[in-house]
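Chain by chain, the residues run as shown.
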Amino acid sequence: QLQNKILILTICSAGIGGTFQYGYNISIINAPALYIQTFMNTTWLERTGAPLESNVILLLWSFTVSAYPLGGLTGAVVAGPMAIMLGRKMSLLLNNIFVIIAAALSGFSRMAKSFEMIMLSRFFTGMNAGVSMNIQPMYLAESAPKKLRGAVALTSASFTALGLVLGQVVGLRELLGGEESWPFLLASNVVPALIQLTALPWFPESPRYLLIDRGDKESCISALQKLRGTSDLSAELEEMLAEQAAVKGQRAKNPWELFQNPSLRWQLVSIVVLSSAMQLCGNDSMYFYAAYVFQEAGIPQDKIPYVVIGTGSCELITSVTCNMIIDYAGRRPLLLGGYIFMAGWAIVFMVALSQQTQISWMPYLSMACIFAYILSFGIGPAGVTGVLPTEVFDQMSRPAAYMICGSLLWFNLFLVGTAFPFIVKSLAHFCYIPFLVVCVCTALYVGFFLPETKGKSFLEISEEFKKRNFKTKTRAGFYKGPEEIKTTTL
């Protein structure tokens, strides 16, 4: 069982400084929001002798919040070249530099009387999350055995959810969410970074990266032996060598080359649809609504933070459940079920919101909807979306595919964050209509166009997509004969 231990420890040390930080940094900013706004005002007052107007404070605050997805977008763009040049493991290790800078900036911001330092620190924190959201699932899926690939890559989503919950807990007034301690709360993200810097160097680099990108067969075998123990490696090595032969003579692709390549058409459409839907389905906006709905349900104001922790725990419970069943149930049923349920709950939620004041038990129904929506998101879309780019692209296209995925993810997070308050203003109780449309369309796409990837080798998945990509070509009469099929590029 030692090799399983090594794999589990590799997952934990990659996760704690990886996607854990994404969830943690999203939720720690909520607790001290008012204190930071007050700090901005007093700092400005000391500098200029005049207080800030409330709309200017709001503007500065929205800059602070949106610095995070902008950093994430930057991180997602640099993640591709980092993964290719430095390797998966080294990129994750170097990525901690961004968090250490961010923690120093936010930790000393009050002492330096500078709210600009907080904005800058959020940008660096975002960069760290952007890199890890791309490289961690790639590193883990490339290191996992075929039958566990889905579950292992999915741990990225579990770590995100764990980060969310821990961020909510640490942000409680009793811990670091008080007025005196908010700089420490914002700087607390340095702890996971230090844990990763101590733990991850002991574990092997991705065997696939070593063999296919570096051409280093010895290191690949020794990494596999560490990860798999004494079990027979010949079949797995053979499969990797076949993939190496298939991409021989190619170099790692750039994102724009994926768009130009007809043999990648369906893979690209699939990840674009699913990465966009993950942010545009309204799950993060549920957290925005949570406090308001709980207040309406008669929960006392000072108890609301504790109930909000419940919503985060929901996502954690389902992503762990999803981990256990993904390699049995498959990717498609989880995605399809998740989006169909979310569409259903969105309708119930809008009805409940519109009747909130008329019917006494409606607030409780809206509360149930929030939990059900987050549960439906956690069971499929939250985790499976991150696994797919690893499975449907080959080694040379994978980093570029993650760059596209990550950029879409962060851009849409920024978009929803900016647009949602306006959507609420204009559509009031029916603000979930856009999200409902996204859920229905995504469910239709998954139902009709996405093939199942469970338990297949990367080459088998390539073949399946190739049939789709070239089926449309033959019909159109562009088919150029066998030279099209030399590569097994997805």
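Just so we're clear, the structure is a prediction, and the values are computed from it rather than from any experiment.

Cut-off values and rules
Residues numbered from 1 in each chain as written. Predicted model: local features only at pLDDT ≥ 70, side-chain atom pairs only at ≥ 80, totals over all residues. Heavy atoms only, no water. Helix = DSSP H or I, 4+ residues; strand = E, 2+ residues; numbered from the N terminus. Rg over C-alpha atoms; globule rule 2.2 N^0.38 Å. Buried < 20%, exposed > 50% of the residue type's maximum accessible area, 1.4 Å probe, protein only. Expected span 1.5 Å × (residues − 1). Bend = angle between axes of the 7 residues up to and from the residue. Phe/Tyr/Trp six-rings, centres within 6.5 Å; stacked < 30°, edge-to-face > 60°. Lys NZ or Arg CZ within 6 Å of the ring centre and 35° of its normal. Domains from an automatic or database assignment. Contact = heavy atoms within 4.5 Å. Buried area = accessible area lost by both parts, 1.4 Å probe. Salt bridge = Lys/Arg side-chain N within 4 Å of Asp/Glu carboxyl O. Nonpolar A, V, L, I, M, F, W, Y, C, P; charged D, E, K, R; others polar. pLDDT = per-residue confidence, 0-100. 1 Å grid on protein atoms, 1.4 Å probe; cavity = no way out; pocket = protein on both sides within 12 Å on 5 of 7 lines; lining within 4 Å. Points joined across faces, edges and corners; volume = space filled by probe spheres on them. Axes fitted to C-alpha atoms, helices over the stretch in contact; angles between N-to-C directions. Left-handed = near helix turned anticlockwise from the far one by under 90°.

## Points about the overall build of the protein chain
Next up, step 1: Looking only at helices and strands, one finds 23 helices and zero strands in the protein chain.
Next up, step 2: Relative to its length of 490 residues, the protein chain is compact, with a C-alpha radius of gyration of 23 Å against a globular reference of 23 Å.
Next up, step 3: Viewed in the frame of its principal axes, the protein chain has a C-alpha envelope of about 70 × 50 × 45 Å.
Next up, step 4: Counting the 490 residues in the protein chain, one finds 57% classified as buried.

## Re helix H4 (residues 54–85)
Next up, step 1: Look at H4: 47 Å from first C-alpha to last across 32 residues, which is about the 46 Å you get at 1.5 Å a residue.
Next up, step 2: Along H4, the sharpest kink reaches roughly 35°, centred on alanine 79 and followed within four residues by the proline proline 81.
Next up, step 3: Looking one or two residues beyond H4, the residue adopting positive phi is glycine 87, at roughly 90°.

## Some remarks on the packing of aromatic side chains
Next up, step 1: Inspection of every chain in the model, using the stated rule, returns eleven aromatic pairs.
Next up, step 2: Consider the rings of tyrosine 373 and tyrosine 432, whose centres lie 5.6 Å apart with planes at 90°: the pair is edge-to-face. You can see tyrosine 373 sitting in helix H19 (residues 362–379) and its partner tyrosine 432 sitting in the loop between helix H21 (398–427) and helix H22 (433–449), a full 59 residues away along the chain.
Next up, step 3: Take tyrosine 432: its relative accessible area is 0%, and that puts it in the buried class.
Next up, step 4: Cation over ring: arginine 122 sits above tyrosine 68, and NZ or CZ is 4.6 Å from the ring centre.
Next up, step 5: In this structure, arginine 398 packs its charged tip against the face of phenylalanine 458, placed 4.7 Å from the ring centre.

## As for the domain arrangement of the protein chain
Interface size is often expressed as the accessible area that is lost when the parts come together.
Next up, step 1: Considered domain by domain, the protein chain is made up of domain 1 (1–203) and domain 2 (257–472).
Next up, step 2: The interface is formed by 42 residues belonging to domain 1 together with 44 residues belonging to domain 2.
Next up, step 3: Taken over both partners, the interface formed by domain 1 and domain 2 buries close to 3300 Å², and the fraction arising from carbon and sulfur atoms is 68%.
Next up, step 4: The largest share of the area that domain 1 buries against domain 2 comes from Arg149, Leu154 and Gln168, three residues that together contribute 18% of it.
Next up, step 5: Linking domain 1 to domain 2 there are two salt bridges.
Next up, step 6: Two residues, arginine 398 and glutamate 142, come together in a salt bridge whose shortest N-O distance is 2.8 Å.
Next up, step 7: Broken down by secondary-structure element, the contributors of at least two residues to the side of domain 1 that touches domain 2 are H4, helix H7 (116–143) and helix H8 (149–170).
Next up, step 8: With 14 residues, H8 is the single largest residue contributor to the side of domain 1 that touches domain 2.
Next up, step 9: Per-class residue counts for the side of domain 1 that touches domain 2 are 25 nonpolar, ten polar and seven charged.

## Concerning the confidence of the model for the protein chain
Next up, step 1: Of the residues in the protein chain, 95% have a pLDDT of 70 or more, and the chain-wide mean is 87.
Next up, step 2: Low confidence marks residues 474–490, where pLDDT is under 50. Its contacts with residues over four positions away, or in another chain, come to 34 contacts.

## A word on the pattern of salt bridges
Next up, step 1: Taken as a whole and assessed by the stated rule, the structure comprises 14 salt bridges.
Next up, step 2: Here glutamate 464 ties to lysine 456 by a salt bridge, and the two come within 2.6 Å at their closest N and O atoms.
Next up, step 3: One connected set of salt bridges, linked through shared partners, spans Lys146, Arg208, Glu239 and Glu243.

## Concerning empty space enclosed by the protein
Next up, step 1: Considering all chains together, one arrives at one cavity of 30 Å³ or more under this definition.
Next up, step 2: A volume near 40 Å³ is recorded for the largest cavity.
Next up, step 3: Along the walls of the largest cavity sit Asn25, Ile28, Ser106, Ser121, Arg122, Thr125, Leu186 and Asn189, which together make up its complete lining.
Next up, step 4: Listed by contribution, the elements that provide at least two residues to the lining of the largest cavity are helix H2 (19–28) and H7.

## A closer look at the packing of helix H6 (residues 96–107) against helix H10 (residues 190–199)
Next up, step 1: Close contact between H6 and H10 brings their axes to 9 Å; oriented N to C, the two are set at 150°. The element H6 and its partner H10 pack so that their crossing is left-handed. Here H6 contributes Asn96, Val99, Ile100 and Ala103 to the contact with H10, which in turn contributes Val190, Ala193, Gln196 and Leu197.
Next up, step 2: Residues belonging to the contact of H6 with H10 are distributed by class as follows: six nonpolar, two polar and no charged.

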